[in-house]
Structures are given as C-alpha cells and as structure tokens.
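Examining the three-dimensional arrangement
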Amino acid sequence: MNVLIVEDEKSLALEINDFLSKEGYIIDHARRKASAEEKIFVNSYDFILLDLGLPDGDGFELLKLIKGLKDRDDAIIILTARSAVDDRIKGLEEGADDYLPKPFSLNELLARMHAVTRRKHKLEKNDIQVHDFVLDIQNRVVTFKGERIHLTKKEFEILNYLVLNKNRVVSRTSLTEHVWGDILEVNSDSNFVDVHVKNLRKKLMCHAKTDWLETVRSIGYRITL
C-alpha cells in the first residue's frame, strides 16, 4: 500500500517511514503543505498520515482540499500534538478516518491503519477467504488449507490490492501506483506488472485453479469473489 506522510518533524517522519517500510508499505513524505499538495495532485494514496501543524499552513486546509477532489478514496489519519477535543471532532467531521494524538506508539498507528482498512472495505476481520485461499491482510500471509504460500512482497501487495477491490476492474496504472508508489518514476512501457501477475498466478495454481483472477484485456485485472 502507498502511504503519504505529511509531517514536518524530521525525526518522527523518519521513524514512521522506517517502521512502515519494514511492514511492506511504500512511503512518500512531505514536510510542508505546498509539497504535500503537489504530491496529492499527482498520486493517489491508500493512506495519508496528516500532521495539522505544518510550517506553511494548517493541516485542516489540506484535509479539505483532499476531500474536495473527485474520485479519491485516500484514508486519512490525523497525527498531531493538538489535544483539544474540538480539534479531534473537527478533523473527524471534515472527513478524517481516525485521529491519533502525539506521542503515539507505532504499533498503535499500524493497528489503527488495519482497523481503517477493515472499515473502508467492510471487512469483519483481517482474514479474507479468496476462494480456496486465505489472505491475512495484517500478517501479510497467504495460505492454502493451512499451508503458507511464499509470495514476494510485490506479489502479496498485488493480490491484496485486487482483493480489497474485488469485483472491480483495476487498471494497470492504478495497480502500479498503489503497489510501486510514484507512477512518474515507473516506465509506463514496461510489462513488469504483467510479469508479476503471471508469477503470482503460477504460485497459486500450484495449489488450486485461479480462474477468478481475470485479465481484462487492454485495461488491467479483476478478482471475482
């Protein structure tokens, strides 16, 4: 998943970056409101971790901007030293998905991200049945009848993103953006996405049929559940 950290405190941003990177997230970082706006206009994110006290503007302004954009589904968690109840209420009323006051535990941040993902995709738990397979979105593991299937990080992220968007056609561009990050840094003429999906299919087919993982010609892929 693709995460934008909007935080001017360098040490905290680096700490979050390192922690989430080890958890398999693709991280982008902005220290100022202006640079965050530039990144948001170019990319879409699975999560935006938003500090309210930015050097060049209020984080609430950035929250309003994000929520005003069409066809955006970025989940937003506010991270701030502000402890006033009114600020928490304002953030949630203006569209934030959660609010975490500083200082906070990185494990709690991760748990809240998992909880937001479950709510956003209407999941009751972290385990998702995918036909003959089980996808554990918290521990990032895929199993078949209790046996773990060894996928690369990218293969898991592809499967995870397609499953979270089940029954919808996901374009190659969208898949690239959410699994690899900044699409401007990727060679759009490359077939690397197709190669990864092919390898994913091959590993899954060693255990059961995968006709539910469809290739939609000239567009992308779809998982039917």
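All chains use their own residue numbering, which begins from 1 and follows the written sequence. For this predicted model, a pLDDT threshold of at least 70 governs which residues receive local features, and a threshold of 80 or more governs which side-chain atom pairs are given and counted, while totals over whole chains, interfaces and linings are taken from all residues. Hydrogens and water molecules were not included; the side-chain quantities draw on all heavy atoms of the structure.

1. Remarks on the sheet that holds strand S11 (residues 147-149)
Backbone hydrogen bonds are what pair the strands of a sheet, in a parallel or an antiparallel way. Our working rule: Whether two strands pair depends on DSSP finding at least two bridges between them. Secondary structure elements follow DSSP: runs of H or I of four or more residues count as helices, runs of E of two or more count as strands, with numbering from the N terminus. Angular values range over 0 to 180 degrees, each being the angle between N-to-C directions of two axes fitted as lines to C-alpha atoms, with helices fitted over their stretch in contact. Contacts were defined at the residue level, with two residues in contact if any of their heavy atoms lie within 4.5 Å.
Read from one edge to the other, the open sheet built from four strands follows the order S8-S9-S10-S11, with strand pairing classed as antiparallel. The outermost strands of the open sheet, each flanked by one partner alone, are strand S8 (127-130) and S11. The mean inter-strand angle of the sheet, taken between neighbouring strand axes irrespective of direction, is 30°. In the packing of helix H6 (residues 153-164) onto the sheet, the strands contacted are S8, strand S9 (133-136) and strand S10 (141-144), and the crossing angle to S9 comes to about 95°.

2. Describing the packing of helix H7 (residues 172-180) against helix H8 (residues 192-205)
What describes two packed helices is the angle between their axes and the distance between those same axes. To keep it simple, the criterion reads: Should an angle fall under 35 degrees it is taken as roughly parallel, and over 145 as roughly antiparallel, whereas 65 to 115 is taken as roughly perpendicular and any remaining angle as oblique. Classification convention: Asp, Glu, Lys, Arg as charged; Ala, Val, Leu, Ile, Met, Phe, Trp, Tyr, Cys, Pro as nonpolar; all other residues, Gly among them, as polar.
Two elements in contact, H7 and H8, have axes separated by 10 Å at closest approach and are oriented at 80°. When the axes of H7 and H8 are compared, the pair comes out roughly perpendicular. Contacts from Arg172, Leu175, Thr176 and Trp180 in H7 reach Phe192, Val193, Asp194 and His196 in H8. Tallied by class, the residues present in the contact of H7 with H8 amount to four nonpolar, two polar and two charged.

3. Points about the pairing of strand S6 (residues 75-80)
Quick note on the threshold: In this scheme, a residue with accessible area under 20% of its type's maximum is buried, one over 50% is exposed, and one in between is partly exposed, where area comes from a 1.4 Å probe on protein chains only.
Summarising burial for S6: six of the six residues are buried, a large majority. Of the two faces of S6, the one carrying Ala75, Ile77 and Leu79 and the one carrying Ile76, Ile78 and Thr80 are both buried. Sheet analysis places strand S3 (residues 47-51) next to S6, joined by five bridges and oriented parallel. What sits directly across from Ile48, in S6, is Ile76.

4. Here we look at the sheet that holds strand S12 (residues 170-171)
If you walk across this open sheet you meet the three strands as S12-S14-S13, and the pairing is antiparallel. A strand with exactly one partner marks an edge of an open sheet, and here the two such strands are S12 and strand S13 (213-216). When S13 meets strand S14 (residues 220-223), the two strands line up antiparallel, connected through four bridges. What sits directly across from Glu214, in S14, is Arg222. Helix-sheet contacts for H6 involve S12, S13 and S14, and the interaxial angle to S14 is about 65°.

5. Observations concerning the UniProt feature "modified residue: 4-aspartylphosphate" (unreviewed entry) in the protein chain
So the rule is basically this: UniProt positions are given in the numbering used here, feature names are shortened, and annotations may be inferred rather than shown by experiment.
Taking the numbering used here, the UniProt-annotated feature "modified residue: 4-aspartylphosphate" (unreviewed entry) corresponds to Asp51. Among the structural elements, Asp51 can be located in strand S3. Exposure remark for Asp51: the relative accessible area of 4% places this residue in the buried category. Look past the residues within four positions of Asp51 in its chain and what remains in contact with it is Val6, Glu7, Asp8, Gly59, Leu79, Thr80 and Lys102.

6. A closer look at the environment of Leu123
When you line up the elements, Leu123 lands in the loop between helix H5 (106-120) and S8. The residues touching Leu123, leaving out its near neighbours within four places in the chain, are Arg118, Ile128, Ile137 and Leu164.

7. Observations regarding the packing of H6 against H8
The contact between H6 and H8 brings their axes to 10 Å, and the two run at 85°. The orientation of H6 with respect to H8, classified from their angle, is roughly perpendicular. Facing H6, whose interface residues are Lys154, Glu155, Ile158 and Leu159, H8 presents His196, Val197, Asn199, Leu200 and Lys203. Its residues assigned to classes, the contact of H6 with H8 comprises four nonpolar, two polar and three charged.

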